[in-house]
Amino acid sequence: MGYDFDRAIDRHGTASVQWDGLADRLGVPELLPFTISDMDFASPPEVLAALRDRVDHGVLGYTDWRLGEFREAIRHWYATRHATAIDPESLVYAPSVLSQLSQLLRMWTAPGDGVVVHTPTYDGFRKVVTGLGRELRGVPIGDPEALERELARPDSRMLLLCSPHNPTGRVWTEEELLAFAELAERHGAAVVSDEIHADFVTEGHRHVPWTRIAEEVGATGRGHRWALVTSGTKAFNFPALSGSYGIVGDPDERTAFIRRMETGEGLASPAVLSLTAHVAAYRRGAPWLDAARAYVAGTMERARERLADELPEAGWTPPQAGYLAWIDLRPLGIDGEREENRLQEELVEVEKVAVMPGGVYGTPGCVRLNLGCPRAKAERGVNALIRAANRLRDRPRGLSGGSGSDTP
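Residues numbered from 1 in each chain as written. Predicted model: local features only at pLDDT ≥ 70, side-chain atom pairs only at ≥ 80, totals over all residues. Heavy atoms only, no water.

### Examining the sheet that holds strand β11 (residues 366–370)
Ordered in space as β1-β10-β11-β9, the four strands form an open sheet in which the pairing is mixed. The open sheet has two edge strands with one neighbour each: β1 (32–34) and β9 (324–328). Recorded for the sheet is a direction-independent mean angle of 35° between the axes of neighbouring strands. The pairing of β1 with strand β10 (residues 353–357) spans three bridges and is parallel. Its bridge partner lying in β10, Phe 34 is registered against Val 355. (Pairing = 2+ DSSP bridges. Helix = DSSP H or I, 4+ residues; strand = E, 2+ residues; numbered from the N terminus. Axes fitted to C-alpha atoms, helices over the stretch in contact; angles between N-to-C directions.)

### Here we look at the pairing of strand β3 (residues 114–119)
Where burial is concerned, most of β3 is hidden: five out of the six residues are buried. In this region the chain leaves β3, passes through helix α6 (residues 123–131) and returns to the parallel neighbour strand β4 (residues 135–140); the handedness of that crossover is right-handed. Where β3 meets strand β5 (residues 156–162), three bridges bridge the pair, whose relative direction is parallel. The residue of β5 that forms the bridge with Gly 114 is Ser 156. (Buried < 20%, exposed > 50% of the residue type's maximum accessible area, 1.4 Å probe, protein only. Right-handed = clockwise from strand over helix to strand, strands pointing away.)

### Here we look at the side chain of Asn 166
Following the sequence through the fold, Asn 166 ends up in the loop between β5 and α8 (174–187). At a separation of 3.2 Å, a polar atom in the side chain of Asn 166 contacts the side chain of Arg 368. Setting aside its immediate chain neighbours within four residues, Asn 166 contacts Pro 120, Thr 121, Tyr 122, His 197, Leu 324 and Arg 368. (Polar contact = N/O pair within 3.5 Å; in protein donor to acceptor, adjacent residues only side chain to side chain. Contact = heavy atoms within 4.5 Å.)

### Some words on the pattern of salt bridges
In total, this model carries 30 salt bridges according to the counting rule given. In this structure, Arg 157 engages Asp 113 in a salt bridge whose closest nitrogen and oxygen atoms are separated by 3.8 Å. Here Arg 157, found in strand β5, pairs with Asp 113, found in the loop between α5 (97–108) and β3; they are 44 residues apart in sequence, far enough to count as distant. Given a relative accessible area of 11%, Asp 113 falls into the buried group. (Salt bridge = Lys/Arg side-chain N within 4 Å of Asp/Glu carboxyl O.)

### Comments concerning the side chain of Gln 100
One can find Gln 100 in helix α5. Reaching out from Gln 100, the side chain makes a polar contact with the side chain of Ser 244 at a distance of 2.9 Å. Not counting chain neighbours up to four residues away, the residues in contact with Gln 100 comprise Val 92, Ala 94, Val 229, Thr 230, Ser 244, Tyr 245, Gly 246 and Phe 257.

### Remarks on α6
Regarding α6, the residues found buried are Asp 123, Gly 124, Phe 125, Val 128 and Val 129. At its buried positions, α6 is contacted by α5, β3, β4, β5 and β6 (190–194). Downstream of α6 by one or two residues, Gly 133 has phi in the positive range, about 80°.

Here is the structure:
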């Protein structure tokens, strides 16, 4: 069936973080947002139909994620989508990927311990890790020597991966993942692999789930601390329903995780509509997902053409996964916190658009532009970024001000 991704859906007044929360945060009303990573597309009709049927049943009582079709739907999805066999008994459940990470940090690290991540770093990692009193230790992508140096520190207890990587959209190769696993094993570090963007990998790239990597290096069973944490909420665009699941390699650690969630966190019953949405997405949502990926890939290609024409110094290429465009503007002289602030002023005050600044991820001078939206909106965002960047490039440093935009 056909899906209309060009249809603009008014999200104002829906308590949307992306659309309704900007005025309070930035102090400017009616900004066009390209910020938080949810999409402006309607969720798959197959998912919406399943949700309506569940609500029409009329009884929304307590549920158990181990009953019904939830685990079997995940097994089916990994077998058909990722050619990976999943043991349903290895699964765990939590309200979100970050809540899983929080629990695993409490289990496998202590306050003051180091957690090694790649830079730029997803800001959710930074908040959870530092909020629990652990030390975030960043290493640049593509620097294996720095990675081993940080993992070799005696108090580095965890390697925290984003696979595929947010914000860059990098898909790790199997060889890279195997090298990560071998380093972690050598230095006794636990591994947590956040794979929430895995289902939005672009054509020509292949995501390898961490469970397969662990099997290849013999890091399975008792005594091996690793977990894959993920959710269908990102790829199928129902994050407000919450809900995530994971795979914990060591059966004793898995039992401990479930016990902690059910006692210390009070997770006696998951959100039933999240279970319903996951089952529908994994059983019947593949055609929608493929269409959404193709549409976003077309949007990314148009963005690449525009940026190649107008900001060739940036040398931007579309991400290998996801709908987030990570654009490095430092070759244009927009580098450092001061220049990033000037760019944000141009975007917000003049262009009336909001994008995520690279400083949020530890790399000032870059921007993360959410292009999971109708193409007409995406083009407005790209054009606004081009105009703002060109004004800054043409203006002596230290000056501010600008004029003109095609504001919403």
